[in-house]
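Each chain is listed here by its residues.
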Amino acid sequence: MIRVLVVDDSAVARELISYILSADPEVTVIGTAANGVEAIDLVKKDRPDVVTMDILMPKMDGYVATRKIMEANPVPIVVVTSSLIREEVEKTWRAVEAGAVAVLQKPSFRDRGPHAEASKKLLQTVKAMAQVKVVRRWSHHVKAPTAPREISVVHARPASPPPRQKARIVAIGSSTGGPSVLQTILSGLGSNFAAPILVVQHIAPGFTVGFVDWLNRTSRLPVRLATHGETAHPGSVYVAPDGLQMKVSADFRLALKDDAQENGTRPSVSYLFRSVAQSFGDKALGVLLTGMGRDGADELKLMRDAGAVTIAQDKDTSVVYGMPGEAAKIGAAMYSIPPQKIVEMLQRLVR
């Protein structure tokens, strides 16, 4: 049984989330909390497998509670929130920075049926996060121990040598657990990075604008929501907006389309990667990060077959080794490496 603690200041929301989760025979709700203070006490006492965390609450909000839990008794935390006001969205991404592993839109009563999309997404995420190994986040007042320096690159399979010409465009696909990895990658790149970066991040509707704002806080490259018809310029990051597929032409022109979902998502990593393979061939670089499912795996193989350099995040650092694992399985990834090594490779191949 997966043991879940539900944290929300609304009694109605606690009841609804508990109802949805308890309908699955593999999940049991071991308790509920109305604020962050109660949540910290119950995590310490009951040791749940997963915590669903609201953000705006009295006494202690979800961001502070997440930070304190991850410092003392780390556990997978899924942020479940409904408000899209600026304060809550900002604290949602600060909670991710503090160690929360996923962000979901709070279900409403019309979603309480087992076949409702929000209910399925909540259950799917909670069950997947129960398998995640989280690590303690060190307090700002305590110096974290220094990790041994990693000196080797792990190959998914025998790798072809990188192309002699530089990559002219970078495409990144990411899902569950990906925002913090994207933050690591973008904050590690210099402001003189010589190619545009296109990003598809699976995310709950309404949170993309806040996600872009959050990335901009630490990135030396400007991060923006992509707009239809604009030209992607070197040294800028373009994030696909909610509900639209994003592709790019050989002249770096971005197109946003209301085309069908692929792999159950829109925007889809597969849609973006396929256009990059067709438009740039061996002058592209594709990166597939942590996430559930297999979105982008086949198209990363398409990019590799076209001569592009292809990278998948390694298993040890992936919150969910779904998308990158599928890519490694079919030989789509030339390299299977951790985020810091991804930064190094991007800097080396895009000069």
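Structural notes, computed from the coordinates. (Residues numbered from 1 in each chain as written. Predicted model: local features only at pLDDT ≥ 70, side-chain atom pairs only at ≥ 80, totals over all residues. Heavy atoms only, no water.)

With that settled, the discussion passes to the overall build of the protein. From N to C terminus, the protein includes eleven helices and 14 strands. For the protein, buried positions account for 54% of its 351 residues. Partitioning the intrachain contacts of the protein with sequence separation of at least 6 by distance along the chain shows that 74% fall at a separation of at least 24. Carbon and sulfur atoms provide 50% of the accessible area of the protein, an area that totals close to 15,400 Å². (Helix = DSSP H or I, 4+ residues; strand = E, 2+ residues; numbered from the N terminus. Buried < 20%, exposed > 50% of the residue type's maximum accessible area, 1.4 Å probe, protein only. Contact = heavy atoms within 4.5 Å. Areas by Shrake-Rupley, 256 points an atom, 1.4 Å probe, with all protein chains shown as cover.)

Time to look at the pattern of salt bridges. This model, assessed by the stated rule, comprises 19 salt bridges. Glu-117 is paired through a salt bridge with Lys-120; the nearest N and O atoms lie 3.8 Å apart. Residue Glu-117 and its partner Lys-120 are located together in helix α5 (residues 117–129), separated by three residues, close to a single helical turn. Here Glu-299 makes a salt bridge to Arg-274, at a shortest N to O gap of 3.6 Å. Taken together, the positions of Glu-299 in helix α9 (residues 297–305) and Arg-274 in helix α8 (residues 269–280) put the pair 25 residues apart, joining distant regions of the chain. On the accessibility criterion, Arg-274 (25% relative accessible area) is partly exposed. (Salt bridge = Lys/Arg side-chain N within 4 Å of Asp/Glu carboxyl O.)

Across the junction of Arg-266 and Pro-267, the peptide omega takes the value 10°, indicating a cis bond. Tracing the chain through its elements places Pro-267 in the loop between β11 (254–257) and α8. The backbone of Arg-47 shows a phi angle near 50°, a positive value even though the residue is not glycine. Residue position: Arg-47 is located in the loop between α2 (36–46) and β3 (50–53). Using a relative accessible area of 51% as the deciding quantity, one classes Arg-47 as exposed. With a phi angle near 55°, Asn-263 is a residue other than glycine that sits in the positive phi range. By the secondary structure assignment, Asn-263 is in the loop between β11 and α8.

Take the packing of helix α6 (residues 178–188) against helix α11 (residues 339–349) next. Where α6 meets α11, the axes come as close as 9 Å, and the angle between the chain directions of the two elements is 35°. Crossing geometry of α6 relative to α11 is assigned as right-handed. Only Pro-339, Gln-340, Ile-342, Val-343, Leu-346 and Gln-347 of α11 make contact with α6, whose side of the interface consists of Val-181, Thr-184, Ile-185 and Gly-188. Residues of the contact of α6 with α11, tallied by class, amount to six nonpolar, four polar and no charged. (Axes fitted to C-alpha atoms, helices over the stretch in contact; angles between N-to-C directions. Left-handed = near helix turned anticlockwise from the far one by under 90°. Nonpolar A, V, L, I, M, F, W, Y, C, P; charged D, E, K, R; others polar.)

What follows covers the sheet that holds strand β9 (residues 237–239). Spatial ordering of the open sheet is given by β8-β9-β7-β6-β12-β13-β14, a layout of seven strands whose pairing is parallel. Either end of the sheet is taken by a strand with one partner, and the two such strands are β8 (223–225) and β14 (335–337). Across the sheet, the mean angle separating the axes of adjacent strands is 20° when strand polarity is ignored. Most of the contacts of α6 go to strand β7 (residues 197–201), to which it runs at about 165°, and overall it touches β6 (169–174), β7, β8, β9 and β13 (309–313). This element, helix α7 (residues 208–218), spans β7, β8 and β9 of the sheet and lies at about 165° to β8. (Pairing = 2+ DSSP bridges.)

Turning our eyes to something else, we now look at the side chain of Thr-52. Relative to the assigned elements, Thr-52 resides in strand β3. Overall, Thr-52 belongs to the buried group, its relative accessible area being 1%. With near-sequence residues (within four places) excluded, Thr-52 lies in contact with Val-4, Leu-5, Val-6, Val-7, Ile-17, Leu-21, Val-78, Val-80 and Val-126.

In a regular helix each residue adds 1.5 Å, so 13 residues correspond to 18 Å; α5 covers 18 Å between its end C-alpha atoms and thus fits that length. When we look at burial in α5, the residues that qualify are Ser-119, Leu-122, Leu-123, Thr-125, Val-126 and Met-129. All buried residues of α5 lie within an arc of 165° about the axis, which places them on one face of the element. Taken together, the buried residues of α5 touch β1 (2–7), α1 (11–22), β2 (27–33), β3, β4 (77–81) and β5 (102–105). (Expected span 1.5 Å × (residues − 1). Arc of directions from axis to C-beta.)

Our focus in this paragraph is the packing of aromatic side chains. Here the structure, examined in full by the defined rule, presents four aromatic pairs. Between the aromatic rings of Trp-93 and Phe-211, the centroid separation amounts to 5.1 Å while the plane-to-plane angle is 45°, which identifies the pairing as tilted. Of this pair, Trp-93 sits in helix α4 (residues 86–98) while Phe-211 sits in helix α7, placing them 118 residues apart in sequence. Phe-211 shares its class with Trp-93; the two are buried. (Phe/Tyr/Trp six-rings, centres within 6.5 Å; stacked < 30°, edge-to-face > 60°.)

The next subject is the sheet that holds β5. The parallel open sheet is built from five strands, whose spatial order is β2-β1-β3-β4-β5. Whereas interior strands pair on both sides, the edge strands pair on one side only; in this sheet they are β2 and β5. Strand-to-strand twist of the sheet, defined as the mean angle between neighbouring strand axes without regard to direction, takes the value 25°. As defined by bridge partners, β1 adjoins β2 across six bridges and the pair is classed as parallel. Bridge pairing in β2 links Ile-2 to Val-27. Together, β1, β2, β3 and β4 form the strand contacts of α1, whose direction differs from that of β2 by roughly 165°. With respect to the sheet, helix α3 (residues 62–72) is in contact with β3 and β4, its orientation differing from that of β3 by roughly 160°.

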